[in-house]
Amino acid sequence: MSSLIHFHKHLVEKGPEGFLEKTVLVLLIPLGFLYGSIMWARSLLYRINILPSFRSSLPVISVGNLAAGGTGKTPFVDYLLNYFEIHGFRPAVIS
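How each quantity is defined
- Residues numbered from 1 in each chain as written.
- Predicted model: local features only at pLDDT ≥ 70, side-chain atom pairs only at ≥ 80, totals over all residues.
- Heavy atoms only, no water.
- 1 Å grid on protein atoms, 1.4 Å probe; cavity = no way out; pocket = protein on both sides within 12 Å on 5 of 7 lines; lining within 4 Å.
- Points joined across faces, edges and corners; volume = space filled by probe spheres on them.
- Nonpolar A, V, L, I, M, F, W, Y, C, P; charged D, E, K, R; others polar.
- Helix = DSSP H or I, 4+ residues; strand = E, 2+ residues; numbered from the N terminus.
- Expected span 1.5 Å × (residues − 1).

Chemist: Would you explain the layout of surface pockets in this entry?
Modeler: In this model, the largest pocket occupies a volume close to 770 Å³. Considering the residues around the largest pocket, the lining is formed by 17 residues, among which P59, V60, I61, A92 and V93 are closest to the centre. Class assignment of the residues belonging to the lining of the largest pocket gives a composition of 14 nonpolar, two polar and one charged. Roughly 190 Å³ of internal volume is contained in the second largest pocket. As for the second largest pocket, its lining consists of L4, I5, F7, H8, L11, V12, L25 and L28.

Chemist: Got a minute to help me understand helix α3 (residues 73–86) in this structure?
Modeler: Note that an α-helix has 3.6 residues per turn; residues three or four places apart therefore point the same way. Taking 1.5 Å of rise per residue, 14 residues should cover 20 Å, and α3 covers 20 Å from first to last C-alpha, within 8% of that figure. Positive phi shows up at G88, right after α3, with a value of about 85°.

Structure below.
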């Protein structure tokens, strides 16, 4: 388990202990609020068609999110490729 994940688990389960952990938490709260506000504004701009979106004429399956590694995305994409090829489709992967 990476040290960042361990640190996050510690903060969630036991709460901040000591000056450093309390300082990190105090800094992360406004950053989380800022990030959430930016994502809300971005979503709004898409909904009111200020930011352009693209609608493909072909079916699209999106696999993944912001997690970087270790969540099983690559094996799942391999599974999907094999499944669709067996059923007569010609899938493509865009990374």
